[in-house]
Amino acid sequence: MGDDYPTLFRSEQMSLRQFLIPTEVAHDAVAELGELGNVQFKDLNPAVNPFQRSFVGEIRRTEEMARRVRFFESQIQKEKDVVPIRPLYDSSPLVTVGPSAAHNIDELDVTLAEHETRLVQMNDSYKTLSERTRELVEARHVLRETAVFFDKAETQQTDIRTSFDDSSAPLLQHDDREQQYSSTVQFDLEFVAGTIDRTRISTFERVLWRVLRGNLYMNHTDITEPFVDPATGTETRKNVFIIFAHGDALLAKIRKVAESMGATLYPIDANADKRSDSLREVTARLEDLETVLYNTGLNRRSELLRIGENLARWQDVVRKEKAIYETMNLFNYDVRRKTLVAEGWVPIRDLPMIQMALRHATEESGTSVVPIVQELRTNKTPPTFTRTNKFTEGFQTIMDAYGIATYQEVNPGLFAIVTFPFLFAVMFGDIGHGLIIFFAALYMISQEKKWARQELDEILGQFFYGRYIILLMGLFSVYTGLMYNDIFSKSLHIWHSGWDFPEPGSNGASYAVSNGHMYPFGVDPAWHGADNGLVFTNSYKMKMSIVLGVIHMTFALCLQLPNHIKFKRPLDIYANFIPQMIFLQSIFGYLVVCILYKWSIDWSTRDTEPPSLLNMLIAMILSPGKVDATSQLYRGQGFIQVVLLLLAMVCVPWMLCMKPYFQWKERQLIEGQGYVGLGHRNGGPRESTDEVLEGEEEGNGRAIVEEMEEEHEQHDFSEVVIHQIIHTIEFCLGCISHTASYLRLWALSLAHAQLSEVLWTMTIEKFLGLSGIFGTIALVLVVVFWFSATVFILCIMEGLSAFLHALRLHWVEANSKHYQGEGYLFTPLSFAKLDEKE
């Protein structure tokens, strides 16, 4: 019955299947399997170049369609005003299977090409009109500024700049010449006018004065409105300049320098009437051009709105079509049968669904030839596929990040659903903080349908993905907070305390007296107000972390047993599991029993002092059999410790020698019978049974060749010995270091509690005694600050720290005891996961 229902205990049972698919049904069959998402196809053409495969033309066509869709998406994103994109779930589906599939894809290709052509033409027209508009705007500014300059020249004394260093003589030397200018009299000096980038104006002016040696007069002014590039959207600010000089040679130099620095020159007449006519003409043309530009923008936006209505649907179709043809390129073509031959891994549980999907594809395509699915026998290791839902997905991802489980190996993700939030809560135990993250997770769960359709930012997306992990972490934190009797660094008096504090004595100290009551759950609240409360919780949490750590490692070690039984490795049970369990329990299991026994004794009624368990463990190893009578924990302690130490010492050579010895004996027995491995054949003929030959005849050649190539690798005996030595040393030393590593549970729990107490003491406690309206306002402000610091520092930062430490305890301390993690992930053709890959 265990294999009849999906379970997280082991990965799904997989089977290698061969698909014989008629050519006319291939596209629809792959589409149906892609919708199911439970077939991982193998590449049957590894030696064929990707550009020489059967469906290269179709892939190029879909890639061209994908390019057009990406072009549409980029144009919509560049639009200033938001263009709505109809979501996929609200769009009518486009039929891409059945007899009309080819016609619909052809129509889609034509539609995308037409939209692209129109959009490109509109973009080109808009760009051309924008450039022409910019030129006319610049020309209008030049005409206006030159008119202003000439008007000033008629009424005012011309301010002539001589040169930068005043070493050159000005061109206009005599003031009486200025009296000759009037509205009807032309300048003797000719001029050049235009626009230039504002950042280059100083360089432009300096270069001109040096090239012309001061034989010019230049004036420039700012253009207030910026010019926006329609293609890139960048803003450019420009200046209008007018330069007077005498002689064609100087004017030619000015034009050449201006063009080299990116300036735009405009022909401006010196006659005022002609300048006025030009300004009116430019203004009229600019108004007409802006009208055309506005209408072009409206048409372009209308085109983008039509594209936005169908963009999501087009993206979905193009992605699916490309995935279908890329999958079909993995198939072989059987000329004799005129069918496509495919091979792939499928979960055995899903075979009826796959058969039904292939039958449905045959019916939709209008043919009567049903694809054939047959099993291939192979020794190749199947991929690892663990079924998850939205609740278990996060926990399984945590374990997969360490390593993908070997096929059919015990999956630690199942047990992490309980152990991970519990170890987190041991370090984070606080009722208040646990409730904060619990309700935060509840809010994310209540919004999961809405948020699942949105594109969340990276940080919020990570929290939303692990919302069920956070939910359990908060729930377990409330439980451990009740155990610690800790809520925002304060205690709860739920039941009657077991201690009473009499009146203080002459020295001001008051010693608690037992009143006969027993606090039924958690730490007695009397300890929170005691001077030695920190000493008590420090000792309690330190020993508790050791107890929890040894239990966790023992449980992880026990997971070896179902693996050895499943994979039929009895030697590993006797050579690894049993000695490892004896070694761990002889030392650290004994330490846990001593901790629990020490807690159960009322030392006020004993004549001896409570012993230091750390010193006891050290003396057990360094001085076996010797126990100080003043610190003896129980009778016969010395003898029992000697027996346990001998058991631990015997386990080391047991682990070192037993497995290599039996493997050596097995190899000697096999070689003595005259058998050699496939790697030792010397070019002799390959022995083939009738079943193998029949399989090759039926198209199973690829699977059989891979089976031969992937036989279990034969290791040299020296490699086996070295591997066992490393494994033994790693386990023995790891038992010590990993047990000490669980002390992080004590350290982080103590640090979290103390930080919470400091935050309360330094904020709210100082303002509780204030009265009046100012005291109330101050208290409200401090409470807001305290709550913000609690959320961001204690819940988020401390929570992330405890999360990482719990992650390490699972990855290193627990998984190293049983987890192989040498598998590879099941990656089926799944249309639902195409968005994630994108």
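Numbers given to residues run from 1 along each chain, matching the order in which its sequence is written. It should be noted that, the model being predicted, local features are given only for residues of pLDDT at least 70 and side-chain atom pairs only at 80 or more, the latter also being counted only at that level, while totals for whole chains, interfaces and linings use all residues. Excluding hydrogens and water, the side-chain values take into account all heavy atoms of the structure.

J.: Kindly report on the nonpolar core, identifying the contributing residues and their values.
T.: As a rule of thumb, nonpolar side chains are buried together in soluble globular proteins. Judged by nonpolar contacts, the single largest core of 82 residues is most densely connected at Phe-420, Phe-583 and Leu-745. Considering each element in turn, this core owes the most residues, 12 residues, to helix 17 (residues 570–599). Contacts are assigned to residue pairs with any non-hydrogen atoms lying within 4.5 Å of each other. With sequence-adjacent residues up to four places away left out, Leu-745 is seen in contact with Leu-423, Val-426, Met-427, Ser-545, Leu-548 and Leu-809. Nonpolar cores are built from buried Ala, Val, Leu, Ile, Met, Phe, Trp, Tyr and Cys residues. Side-chain atoms within 4.5 Å join them into one set. Remark: exposure states derive from per-residue accessible area (1.4 Å probe, protein chains only) relative to the maximum for the residue type, with buried under 20%, exposed over 50%, and partly exposed in between. Here a helix means four or more residues in a row that DSSP labels H or I, a strand means two or more in a row labelled E, and each is numbered from the N terminus.

J.: Could you give an account of helix 1 (residues 23–36), with specific residues and numbers?
T.: By this rule the span expected of a helix is its residue count minus one, scaled by 1.5 Å. Under the 1.5 Å per step criterion, the end-to-end length of helix 1 is 20 Å for 14 residues, consistent within 8% with the ideal 20 Å. Taken across its 14 residues, helix 1 has 10 buried, putting it largely inside the fold. Those residues of helix 1 that sit buried are Val-25, Ala-26, His-27, Asp-28, Ala-29, Val-30, Ala-31, Glu-32, Leu-33 and Gly-34. Looking at the buried residues of helix 1, the elements they touch are strand 1 (14–22), strand 2 (40–41), helix 7 (272–328), strand 10 (339–347) and helix 8 (351–365). Looking one or two places after helix 1, you find Gly-37, whose phi comes out positive at around 70°.

J.: How would you summarise the packing of aromatic side chains if you had to cite specific residues and measurements?
T.: The geometry of an aromatic ring pair is captured by the separation of the ring centres together with the interplanar angle, meaning the angle of the planes. Only centres within 6.5 Å qualify two rings of Phe, Tyr or Trp (six-membered ring in Trp) as a pair; their planes then separate them into stacked at under 30 degrees, edge-to-face at over 60, and tilted for everything else. Under the criterion given, the structure shown has 35 aromatic pairs. Their ring planes at 50° and their centres at 4.9 Å tell us that Phe-385 and Phe-826 sit as a pair that is tilted. In this pair, Phe-385 is assigned in the loop between strand 11 (372–375) and helix 9 (393–402) and Phe-826 in the loop between helix 25 (772–814) and helix 26 (834–837), connecting sequence segments 441 residues apart. Taken as a pair, Phe-385 and Phe-826 share a single burial class, namely buried. Taking the centre distance of 6.0 Å and the plane angle of 40° together, the rings of Tyr-540 and Trp-599 count as tilted. You can see Tyr-540 sitting in helix 15 (residues 533–558) and its partner Trp-599 sitting in helix 17, a full 59 residues away along the chain.

J.: An account of the environment of Ile-546 is requested, with residue identities and associated values reported.
T.: Considering the arrangement of structural elements, one finds Ile-546 in helix 15. Looking at Ile-546, the relative accessible area reads 11%, which means it is buried. Remark: the alpha-carbon pair of Ile-546 and Phe-588, spanning 42 residues in sequence, is separated by 8.7 Å. Those residues in contact with Ile-546 that lie beyond four places of it in its chain are Leu-591, Val-592, Ile-595, Thr-739 and Leu-743.

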